[in-house]
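Overview (structure and organization)
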Amino acid sequence: MNDAINSDWDHEYDVVVVGSGAGGMTTALSCAQIGLSVLVVEKDSVYGGTSAVSGGGIWVPCNDQIESVGGNDTREEALTYPKHLTRGEVPDSKLEVYVDSAREMVRDMVEHHDVHFNSVVKYPDYFPNEPGGKPGYRTMEPEVFDLSKLGDEFENLREPYKSTLVMGRMGMTQVEAHTLMSRGPGWIWMTIKMIWRYFTDFAWRKRTWRDRRGKLGQALIGQLRHAMQQKNLPLWLNTGFESLIENNGHVTGVQLERGGKKLRVAGTRGVVLACGGFESNQQMREQYLPKPTQAIWSVAPGCNHGEGIQAGLEVGAALGFMDLTWGTPSVVVPGMTHAAGLFMERQLPGCIAVNARGQRFVNEALPYTEFVYAMLEDRGENGMNGDCWLIFDGTFRKKYPMSPMMPASIQPDKKLPPEWENEVYWKAESLSDLANKIGVDADGLAQSVDEMNRYAATGKDEQFGKGDDVFQRYYGDPGVKPNPCLAPVQKAPFYAVRLTPGEVGTKGGLLTDEAARVVREDGSVIAGLYAVGNCSAAVMGRTYPGPGATLGPAMTFGWLAARDLANAESNNMVNAA
């Protein structure tokens, strides 16, 4: 933290945004729309942050497309749902401003910035049976975007994870992913068209292996970056954020490091921190998250180290939800700098999750954050190490993907990297031999498998209710009856993968108000300082109401921050003389 009094600035803007993910870019575009000058700074050599490798969806209750695609929603339902799930841990006023503003944010993105979304008709809320929950419609995904429009800036877009691509190359939308994973009607012909379109794009193939047709997070960040280009908004890559600069209790700028030089850049209206959480900072993980905890368990790309949170603390900011993550079970893969997440595989029929006693302790098809909470609870109650094992058989292995492994029909075991055996997956000809290999109680595992096989025959999981709601069935196999999430585990060879309690990002960060202004412990506002995305305390609290409930709030509160910055009183501004 540095004193700005009687000092010169190297550069001056109305607003400085730290971070180039969806929240940061939306903030910048919204500021520019209002007429404010804005600079976006990014410490990495690529832009997009974790948003670029995400599903790209945004959770928007009452969005404008719901009725046109056959759905319905009301403000009352849209508020009842998150208020019920957050159980008083988040102020009602903040949930209300989100529900009331998310739709307006999307309208502005479409009308003023040519950033487009489609309502995902069948993608349910994660808790569709809870009060106010819906079986679809609220999640919107970005339209497919031609990444060649970015010109040379395409090279600076963070690459997608190959695990989110068909055959590690071709992008797929949320709708296409659902069709492929569930083997829905037309999935074979759809796959053929994807392959044909990709490999016959000869000019683009000469340039890169990456798909021209940006989808998921690539489409979202591609559209946002293109909108910035159209408005000539500056984005500085390779620019490290070091600290906030204050003047008489007001945040008036930032100190940066760029090209080996220290720079002082004024944000005469304010500074917006949109630089992610702290999942890649092992020291902060050990300070705040349940132990043991490892950065390598994270599914995030290793770009978030908590600098924004630490800078906020230095100027007196309050924190919230620092012990929570947007959890997902993950698999550590040798040679990868981040873990591989299991978002959909657990819903598929023919797998069970067990602890070291060989006992099921959770509904495998739960939303991923809830699954991780169950892992941590089982660890605390039973003295486990926080890991669990996902067990499946030869039938599952042949038909379905499993984290980094494609189905054996596409990628047989002999085509897997040899170093993965007994590191990523374990394999044996009998359940008892598999149990011995992984150190799980063989009798407990046999009993759990027998019970699951009985549930598969009846279609009713009597223990945990796997497949009992529309979300759990979303990625099930409709060809499996009577329950698309249940199938026997009985055909050798048998497999196991070790799951760790990973995350797509941390939830804890700087406490903010309804305008994304950072506040102190006493609730007073730190003038000139805003935070959006995962460097702010999650508006969803402990829960994860539906697909896109991370990016939706990041973009919406960035939009709200811009409006507050436009109305900033003159005493929030710094004398740059």
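The structure under discussion appears in the preceding block.
Within each chain, residue numbers correspond to sequence positions counted from 1 in written order. Per-residue local features are limited, in this predicted model, to residues with pLDDT of at least 70; the limit for side-chain atom pairs, both in listing and counting, is 80 or more; totals at the level of whole chains, interfaces and linings are taken over all residues. Working from all heavy atoms in the structure, the side-chain values ignore hydrogens and water.

1. Quick look at the pattern of salt bridges
Salt bridges are identified by distance alone: a Lys or Arg side-chain nitrogen within 4 Å of an Asp or Glu carboxyl oxygen. Taken as a whole, this structure holds 26 salt bridges when the rule is applied. Across the salt bridge formed by D44 and R158, the nearest N and O atoms sit 2.6 Å from each other. Taken together, the positions of D44 in the loop between β3 (38-41) and β4 (58-59) and R158 in the loop between β7 (145-146) and α4 (174-181) put the pair 114 residues apart, joining distant regions of the chain. Each residue gets one of three labels from its accessible area relative to the maximum for its type: buried under 20%, exposed over 50%, partly exposed in between, using a 1.4 Å probe on protein chains only. Residue classification places R158 among the buried residues on the basis of a relative accessible area of 11%. Between D146 and R212 there is a salt bridge, with the nearest N and O atoms lying 3.9 Å from each other. In this pair, D146 sits in strand β7 while R212 sits in the loop between α6 (202-207) and β8 (213-214), placing the two residues 66 residues apart along the sequence. Ionic contacts of the salt-bridge type, sharing partners, join the residues D64, R103, E104 and R107 into one network. The helix count covers DSSP runs of H or I at least four residues long, the strand count covers runs of E at least two residues long, and both are numbered beginning at the N terminus.

2. Some points on a nonpolar patch on the surface
Patches here are clusters of residues that have more than 30% relative accessible area and form no salt bridge, with a 9 Å joining cutoff for like charges and a 5 Å cutoff for nonpolar side chains (Val, Leu, Ile, Met, Phe, Trp, Tyr). Reported accessibility uses the Shrake-Rupley method at a 1.4 Å probe radius. Residues are deemed covered only where the shown protein chains occlude them. Taken together, the side chains of I188, W189 and I192 define a hydrophobic patch exposed on the protein surface, amounting to about 340 Å² of accessible area. Counting through the fold element by element, W189 comes out in helix α5 (residues 187-199). Judged by its relative accessible area of 54%, W189 falls in the exposed class.

3. Side note on the sheet that holds strand β5 (residues 117-119)
By definition, two strands form a pair when at least two bridges between them are found by DSSP. Within the open sheet, the 3 strands sit side by side as β4-β6-β5. Their pairing is antiparallel. A single partner strand is all that each edge strand has here, and the edge strands are β4 and β5. In this structure, β4 lies alongside strand β6 (residues 139-142), joined through 2 bridges in antiparallel fashion. Residue pairing in the sheet places W59 in a bridge with T139 of β6. Its contacts with the sheet place helix α7 (residues 216-230) against β5 and β6, and it is angled at close to 70° to β6. Whether two residues are in contact is decided by their heavy atoms, any of which lying within 4.5 Å being enough. Orientation is described by lines fitted to C-alpha atoms, with helices fitted over the stretch in contact, and by angles between N-to-C directions that extend from 0 to 180 degrees.

4. Focus: the side chain of E176
Of note, E176 is situated in helix α4. Within the structure, the side chain of E176 is placed 2.9 Å from the backbone nitrogen of T173, a separation counted as a polar contact. Setting aside chain neighbours within four positions, we find E176 in contact with G171, M190, M194 and K215. Any pair of N or O atoms that falls within 3.5 Å is considered a polar contact. Within protein, one atom must be able to donate a hydrogen and the other to accept it, and sequence-neighbouring residues count only if both atoms are side-chain atoms.

5. Structural notes on the packing of helix α1 (residues 22-34) against helix α15 (residues 551-566)
In contact at an axis separation of 8 Å, α1 and α15 are set at 30° when each is read in the N-to-C sense. Relative to α15, the element α1 lies roughly parallel. Crossing hand, α1 versus α15: right-handed. On α15, the residues touching A22, G23, T26, T27, S30, C31, Q33 and I34 of α1 are L551, A554, M555, G558, W559, A562, R563, L565 and A566. In the scheme used here, Gly and all other residues not listed as nonpolar or charged are polar, with Ala, Val, Leu, Ile, Met, Phe, Trp, Tyr, Cys and Pro taken as nonpolar and Asp, Glu, Lys and Arg as charged. The class makeup of the residues in the contact of α1 with α15 is 10 nonpolar, 6 polar and 1 charged. Should an angle lie under 35 degrees it is considered roughly parallel, over 145 roughly antiparallel, and from 65 to 115 roughly perpendicular; all remaining angles are considered oblique. Less than a right angle of anticlockwise turn of the near helix away from the far helix marks a crossing as left-handed, whereas a clockwise turn marks it as right-handed.

6. Structural notes on the pairing of strand β14 (residues 325-331)
β14 sits mainly inside the fold: 7 of its 7 residues count as buried. Of the two faces of β14, the one lined by T325, G327, P329 and V331 and the one lined by W326, T328 and S330 are each fully buried. Sheet topology note: the β14/strand β19 (residues 494-506) ladder contains 6 bridges and is antiparallel. Counterpart to P329 in the pairing with β19 is P501. Of the pairings in the sheet, the one linking β14 to strand β15 (residues 340-341) comprises 2 bridges and is antiparallel in character. Within the sheet, the bridge partner assigned to V331 lies in β15 and is A340.

7. Some thoughts on the environment of S524
Take S524: it is sitting in the loop between β21 (517-519) and β22 (525-531). The spacing of S524 and R75 is 449 residues in sequence and 30 Å in space, taken between C-alpha atoms. Here S524 is in contact with V518 and V519, once residues within four sequence places are set aside.

8. Observations concerning the environment of E89
Its place among the elements puts E89 in the loop between α2 (75-86) and α3 (92-113). Taking C-alpha positions, E89 is 42 Å from P185, a pair spaced 96 residues apart along the chain. Leave out the neighbours within four places in its chain, and E89 touches F321 and R542.

9. A closer look at the packing of helix α12 (residues 431-438) against helix α13 (residues 442-458)
Two elements in contact, α12 and α13, have axes whose closest approach is 9 Å; the angle formed by their N-to-C orientations is 130°. Accordingly, the angle class assigned to the pair α12 and α13 is oblique. α13 is crossed by α12, and the crossing has right-handed handedness. Side by side, α12 and α13 meet where L431, S432 and A435 of the first sit next to A442, L445 and V449 of the second. Its residues assigned to classes, the contact of α12 with α13 shows 5 nonpolar, 1 polar and no charged.

10. Here we look at α2
One fewer than the residue count of a helix, multiplied by 1.5 Å, yields its expected span. A rise of 1.5 Å per residue sets the reference length of α2, with its 12 residues, at 16 Å; its end C-alpha atoms lie 17 Å apart and thus fit the reference within 8%. All of the buried residues along α2 are A78, L79, Y81, P82, L85 and T86. In a view along the axis of α2, the buried residues occupy a sector of 155°, so they form one face of it. Of the surrounding elements, those touching the buried residues of α2 are β4 and α3. Just past α2, the residue R87 takes up positive phi, approximately 50°. In this context, the arc is that of the directions from the helix axis out to the C-beta atoms.

11. Here we look at the side chain of H226
With respect to the helices and strands, H226 occurs in helix α7. Judged by its relative accessible area of 17%, H226 falls in the buried class. If sequence neighbours within four positions are ignored, H226 has contacts with F145, K149 and L150.

12. Brief notes about the nonpolar core
Residues I58, F117, L224 and L499 are the most contacted members of the largest nonpolar core, which totals 101 residues. In this view, L224 contacts A22, M25, T26, L29, M109 and V115; residues no more than four positions away in its chain are not counted. In this description, a nonpolar core means a group of buried Ala, Val, Leu, Ile, Met, Phe, Trp, Tyr and Cys residues linked to one another through side-chain atoms lying within 4.5 Å. Grouped together as the second largest cluster of nonpolar side chains are 30 residues, W236, F241, L263 and L289 included.

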